[in-house]
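Close look at the chain arrangement
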Amino acid sequence: MNGFVELLKYSNPALAADDDDAEPAPTSVLQAAVVESLALYMSKYEEEFQPFLGPCLGHAWSLLTSTSLAPHHDLLVTTSVRFLTTVACSVHHHHFAKAEVLNEVCHKIIAPNMQLLQADEELFEDQPFEYVRKDIEGSDADTRRRVAVELVRGLCRNYEVQVTQLFSANISTLLEQYKQNPAANWKAKDVAIYLVIALTIKGGTAARGATQTNALVDLHDFFSQHVLCELQAAATGAAPHPVLIADAVKFVSVFRVQLSRAVYDTVFPLLLSLLASPNPVVHTYAASAIERLLTVRD
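This text gives an overview of the structure that appears in the document.

How each quantity is defined
- Residues numbered from 1 in each chain as written.
- Predicted model: local features only at pLDDT ≥ 70, side-chain atom pairs only at ≥ 80, totals over all residues.
- Heavy atoms only, no water.
- Patch = residues over 30% accessible without salt bridge, like charges linked within 9 Å, V, L, I, M, F, W, Y side chains within 5 Å.
- Areas by Shrake-Rupley, 256 points an atom, 1.4 Å probe, with all protein chains shown as cover.
- Salt bridge = Lys/Arg side-chain N within 4 Å of Asp/Glu carboxyl O.
- Helix = DSSP H or I, 4+ residues; strand = E, 2+ residues; numbered from the N terminus.
- Buried < 20%, exposed > 50% of the residue type's maximum accessible area, 1.4 Å probe, protein only.
- Axes fitted to C-alpha atoms, helices over the stretch in contact; angles between N-to-C directions.
- Parallel < 35°, antiparallel > 145°, perpendicular 65-115°, else oblique.
- Left-handed = near helix turned anticlockwise from the far one by under 90°.
- Contact = heavy atoms within 4.5 Å.
- Nonpolar A, V, L, I, M, F, W, Y, C, P; charged D, E, K, R; others polar.
- Expected span 1.5 Å × (residues − 1).
- Polar contact = N/O pair within 3.5 Å; in protein donor to acceptor, adjacent residues only side chain to side chain.

On the surface, Met1, Tyr41, Tyr45 and Phe52 cluster together into a nonpolar patch covering about 370 Å² of accessible area. Within the element layout of this structure, tyrosine 41 appears in helix α2 (residues 26-44). The class for tyrosine 41 is partly exposed, based on a relative accessible area of 36%.

Laid out in structure tokens, this is it:
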């Protein structure tokens, strides 16, 4: 195990990737393989691995906080976040129990990796059907955002109150940023919506969407204050950013079981109007949402 730790600490500037490289550097590939092996040990041999967990977790943490949002770090980041999720869901979750540790994880690891990256934005604009396929079919399992969502859910298993409180403040800040300059800060609201989805879902299925939710999140208030307005603006031609329209439609689709009959009466005409949207992601999401809402029974 000491060999694994040394590999996690290893650094060689001569092998480092350039900022504009898409492919990971050899050291990143090696360290990602090491972290993946640690996660496997953790899941298979929890008791035997316990003496080594603290140092290994610390080094994986250091790797995460030292990486950038550059694509060549994606492999190492996603693998390391999965390792943290494995620990958070295990009997050794006490490593995250301290308030300062949770704060660090939420604000230095989860929040940055929830951002819509340049590659995601380009996929939305240039390959919309691939964007839809990855999201609706769940083939985005290796993205930073998806693994960050899974870490939120893992932490909420044992620290739901603390994590909800931490991110509630963060969500409020993001929404205030958007309010001050919607055109320039639309990505802040995109992150806020995804954080609410991640915090709220405790269980669900493809057929029914969210079936178990976090009671500490006021879902209906968030919908009425921050989601419905995007759908209404899109329907009236006010043209919010297409990503936000897609986010709003996804929110309705995911929480279709929790929404009231009155909300359905309001939302259905808005979704129908979005079928005429020139944006492929928006009208595809709208069609999918309508289909799923029609399957919900009182």
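Once that is clear, we can look at the packing of helix α1 (residues 2-9) against α2. Each pair of packed helices gets described by two things: the angle between the helix axes and the distance between those axes. Packing of α1 against α2 brings their axes to within 9 Å, and their N-to-C directions diverge by 140°. Taken together, the axes of α1 and α2 lie oblique to each other. In this structure, α1 crosses over α2, and the sense of that crossing is left-handed. Contact with α1, carried on its side by Phe4, Leu7 and Leu8, involves Leu30, Gln31, Val34, Val35, Ser37, Leu38 and Tyr41 of α2 and no other residues of that element. Its residues assigned to classes, the contact of α1 with α2 shows eight nonpolar, two polar and no charged.

This next bit is on helix α13 (residues 280-293). With 14 residues, α13 extends 20 Å from end C-alpha to end C-alpha; this agrees with the ideal 20 Å at 1.5 Å per step. Where α13 is buried, its residues meet α6 (118-126), α7 (128-136), α11 (242-254) and α12 (261-274). For α13, the side-chain oxygen to backbone nitrogen distance between the N-cap and valine 281 is 3.0 Å, and the N-cap itself is asparagine 279.

This part is about the side chain of asparagine 113. If you trace the backbone, asparagine 113 turns up in helix α5 (residues 99-113). Accessibility expressed as a relative area gives 7% for asparagine 113, which makes it buried. Excluding residues that lie within four positions of it along the chain, asparagine 113 makes contacts with Leu69, Val77, Arg144, Arg145 and Ala148.

The next subject is the environment of leucine 293. On the secondary structure map, leucine 293 appears in helix α13. Under the relative-accessibility criterion, leucine 293 is labelled buried at 2%. Placed 161 residues apart in sequence, leucine 293 and valine 132 show a C-alpha to C-alpha distance of 18 Å.

Below, the discussion takes up the pattern of salt bridges. Taken as a whole, this structure holds ten salt bridges when the rule is applied. Across the pair lysine 108 and glutamate 104 runs a salt bridge, and its minimum N-O distance is 3.3 Å. One end of the pair is lysine 108 and the other is glutamate 104, both in helix α5 and four residues apart, which spans about a single turn. Taking the relative accessible area as the measure of exposure, glutamate 104 reaches 29% and is therefore partly exposed. Glutamate 130 serves as the salt-bridge partner of arginine 133, at 2.6 Å between the closest nitrogen and oxygen. Here arginine 133 pairs with glutamate 130, and both are found in helix α7, just three residues apart, close to one helical turn. Look at arginine 133 and you get partly exposed, because its relative accessible area is 34%. On the basis of relative accessible area, glutamate 130 is assigned to the partly exposed category, the value being 28%.

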